[in-house]
Amino acid sequence: MATAEILQELIRSPDRLQAVVEEAKMLAFEKGILMRTRDAPNSSEVVTFQPFTLLPSPVPKAAYLQALRVQTHLNTLMDKISQDAEFLEEALAGCVQVDDYTAKLFGIFKQVQKEGRTQSIVVSLNRSDYMLDQSEDGSASLKQIEVNTFSVAGFGATDRLPEVHRKILTAVGLAAESEFIMDAKRTSGMCDGLAKGWELYGREKAVVLFLVENVQISRLSHRVLEEELWSRNIPVIRRKFSDVSRGGSLDESKRLFIDGQEVAVVYYRNGYMPQHYTQQWWEARLLMERSLAVKCPDISTHLGGTKKVQQVLARPGVLERFFPNQPQVVEQIRATFTGLYSLDMGPEGDQAVEAALATPDRFVLKPQREGGGNNLYGDELHRVLQALRSSPERMAYILMDKLRPSPVQNILLKRDFPLQVSDCVGELGVFGVFVRNGEETVMNECVGHLLKTRSAQHDEGGISSGAGVSDSPLLV
Ligand code: ADP
Ligand code: MG
């Protein structure tokens, strides 16, 4: 692999390496690959580059294309799940008994069901994540980590990273290879989904509401999307849960107003962790869900993205329920699944517990949480599962086979991080947009990819948590 050789060459000549790194950082600034800093996350006066790899990472073309190809089917699947209340109730029955956060989301879902859904326009911006799992015979296969349906990140300010990587490869004498770096212009595709939802809502003065967090480190990535909406004459406002609590209301036909402005689309970029809510903010969430505004995503789609649902989907016959006459679609989706195991009470759950206690390093224990840093591995997995062994509390988790991507060397460029070669593993994400108006599918598209890379020493590497960095796939 030419990039691996170049890396070794660069390591042997520190001055040249320093110059290439300097060039890469300058290019990142020039192309707007920026974020606010952890020390001043709400300041508009201090920025740094978004962390990224010095070189693009090799990704097998077949796996890349496989991931892109399955995305529209996954979009359809998540939408079908969101319309199947009976399925969601059954899948989450055990989990809501013991997990307060999922129970709260489920409570909103039930309330909305009871009142009858007001809005039949649905917008989903999804991202399905994968690793290339290395089996003992050396072959690698594309395996899904999870499908995210809520507040997916990883686009916006990093859309132009391929330009940086192409320039760097050219600078180190790999101009020919640079042609195999895939473009990553996905923000306008994601924008199409929100724009279509707004258009279908049909009130020119109504706004798209970005529901945002208090700490706004990724403000600049949001902005790329906001600017794209404004350029299409779609007004955007940004509000927090506390703002909705204070200034939000429904009129008699359940139209949502915030500070006097009608909201066409609620786009959630916050609300995926229990810590994001106070009691009052849960009420604000309910207000938005009950409203006539188009939700991106609605509460049912949010629940469809839980880890418990993912595990249930891997059970025999479940995908067939959603694609009854499409065995090829079922096969395509199922090919990306790895082993997923229920920890519900009963013999099946008991067996999974025993297997994980016997060989904890083969598994990942996952609670119903998002945003990284919540899963348990190795000794910790063993300790927690041992304590929960016979308790219904174990139903809050699922168990998953641990994937083993093979490491590739690279240099991670992060602010205040030493310049060193690390063994890295990558995760490929694929973005999907789905819009439905009642019975009619208005949009179902795959709009691009994301590659995030982290040191193989860490078990997890979310970009927002600081361990992962943005990368570009170099197809091989
Ligand atoms: P979250 O919702 O917190 O992002 P994920 O299921 O995506 O939860 O897991 C977070 C991270 O943990 C992933 O990005 C990946 O690095 C690692 N991870 C998750 N599942 C597995 C697995 N089965 N094998 C190996 N690593 C995993
Ligand atoms: Mg994830």
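Preceding block: the structure.
Summary of the structure given here.

**Regarding the overall build of the chain**
Okay, step 1: Of the regular secondary structure elements, the chain holds 17 helices and 20 strands.
Okay, step 2: Taking 476 residues into account, the globule formula puts the C-alpha radius of gyration at 23 Å, and the chain, at 22 Å, falls close to it.
Okay, step 3: With the principal axes as the frame, the chain shows a C-alpha extent of 70 × 55 × 45 Å.
Okay, step 4: Here the chain holds 476 residues, and the buried ones make up 57% of them.
Okay, step 5: Long-range pairs, those at least 24 residues apart, make up 73% of the contacts in the chain with a sequence separation of at least 6.
Okay, step 6: Carbon and sulfur atoms provide 49% of the accessible area of the chain, an area that totals close to 19,700 Å².
Okay, step 7: Averaging the positions of the 54 positive and the 62 negative side-chain charges in the chain gives two centres separated by 3 Å.

**Points about the sheet that holds strand β15 (residues 397–401)**
Okay, step 1: Spatially, the three strands line up as an open sheet ordered β13-β15-β14, and their pairing is antiparallel. The open sheet terminates on both sides in strands that have one partner only, identified here as β13 (340–342) and β14 (363–367). Ignoring which end each strand starts from, the neighbouring axes of this sheet average 30° apart.
Okay, step 2: As paired elements, β13 and β15 share three bridges and run antiparallel to each other. Across the sheet, residue Ser 342 finds its bridge partner in β15, namely Ile 398.
Okay, step 3: Here helix α16 (residues 347–358) sits on the sheet in contact with β13, β14 and β15, set at roughly 125° to β13.

**A look at the site of ligand 1**
Okay, step 1: Residues in close proximity to ligand 1 total 20 residues, the closest being Glu 146, Lys 307, Lys 366, Gly 372 and Glu 427.
Okay, step 2: Contact distances for ligand 1 include 2.7 Å between an oxygen atom and a side-chain N or O atom of Lys 307.
Okay, step 3: Between ligand 1 and Tyr 377, the relevant distance is 3.0 Å, taken from an oxygen atom to a side-chain nitrogen or oxygen of the residue.
Okay, step 4: Notes on ligand 1: free accessible area 540 Å², of which the protein chains cover 95%.
Okay, step 5: Those elements that place two or more of their residues in the shell around ligand 1 are β6 (140–148), β14 and β15.
Okay, step 6: Split by residue class, the shell around ligand 1 holds six nonpolar, three polar and eleven charged.

**A short note on the packing of aromatic side chains**
The geometry of two aromatic rings is summed up by the distance between their centres and the angle between their planes.
Okay, step 1: Tallied over the full model, the rule gives eleven aromatic pairs.
Okay, step 2: When the ring of Phe 106 is compared with that of Phe 109, the centres are 5.5 Å apart and the planes differ by 40°; the resulting orientation is tilted. One end of the pair, Phe 106, and the other, Phe 109, are both in helix α5 (residues 100–115), three residues apart, so they sit about a helical turn from each other. With respect to burial, Phe 106 and Phe 109 carry one shared label: buried.
Okay, step 3: A centroid spacing of 5.0 Å and a plane angle of 40° characterise the contact between Phe 241 and Tyr 277, whose relative ring orientation is tilted. A residue pair is termed long-range when its members are at least 10 positions apart, and Phe 241 in helix α10 (residues 241–247) and Tyr 277 in the loop between β11 (261–268) and α11 (279–290) qualify at 36 residues.

**Some points on the side chain of Glu 289**
Okay, step 1: Among the secondary structure elements, Glu 289 is positioned in helix α11.
Okay, step 2: Classification of Glu 289 as buried rests on a relative accessible area of 3%.

**Notes on the pairing of strand β16 (residues 408–413)**
Okay, step 1: Judged from the two bridges that link them, strand β3 (residues 52–53) and β16 form a sheet pairing that is antiparallel. Considered in β16, the bridge of Phe 52 is made with Leu 413.

**Some thoughts on the packing of helix α2 (residues 14–30) against helix α6 (residues 161–171)**
Okay, step 1: Packing of α2 against α6 brings their axes to within 10 Å, and their N-to-C directions diverge by 155°. Compared by their axis directions, α2 and α6 come out roughly antiparallel. In the crossing of α2 with α6, the sense of the turn from one axis to the other is right-handed. Across from Arg 16, Val 20, Glu 23, Ala 24, Leu 27 and Ala 28 in α2, the residues of α6 making contact are Val 164, Lys 167, Ile 168 and Ala 171.
Okay, step 2: Split into classes, the residues belonging to the contact of α2 with α6 amount to seven nonpolar, no polar and three charged.

Cut-offs and rules
- Residues numbered from 1 in each chain as written.
- Chains lettered and ligands numbered in written order.
- Predicted model: local features only at pLDDT ≥ 70, side-chain atom pairs only at ≥ 80, totals over all residues.
- Heavy atoms only, no water.
- Helix = DSSP H or I, 4+ residues; strand = E, 2+ residues; numbered from the N terminus.
- Rg over C-alpha atoms; globule rule 2.2 N^0.38 Å.
- Buried < 20%, exposed > 50% of the residue type's maximum accessible area, 1.4 Å probe, protein only.
- Contact = heavy atoms within 4.5 Å.
- Areas by Shrake-Rupley, 256 points an atom, 1.4 Å probe, with all protein chains shown as cover.
- Lys, Arg positive; Asp, Glu negative; His and termini not counted.
- Charge placed at Lys NZ, Arg CZ, Asp CG, Glu CD.
- Pairing = 2+ DSSP bridges.
- Axes fitted to C-alpha atoms, helices over the stretch in contact; angles between N-to-C directions.
- Near = heavy atom within 4 Å.
- Polar contact = N/O pair within 3.5 Å; in protein donor to acceptor, adjacent residues only side chain to side chain.
- Nonpolar A, V, L, I, M, F, W, Y, C, P; charged D, E, K, R; others polar.
- Phe/Tyr/Trp six-rings, centres within 6.5 Å; stacked < 30°, edge-to-face > 60°.
- Parallel < 35°, antiparallel > 145°, perpendicular 65-115°, else oblique.
- Left-handed = near helix turned anticlockwise from the far one by under 90°.

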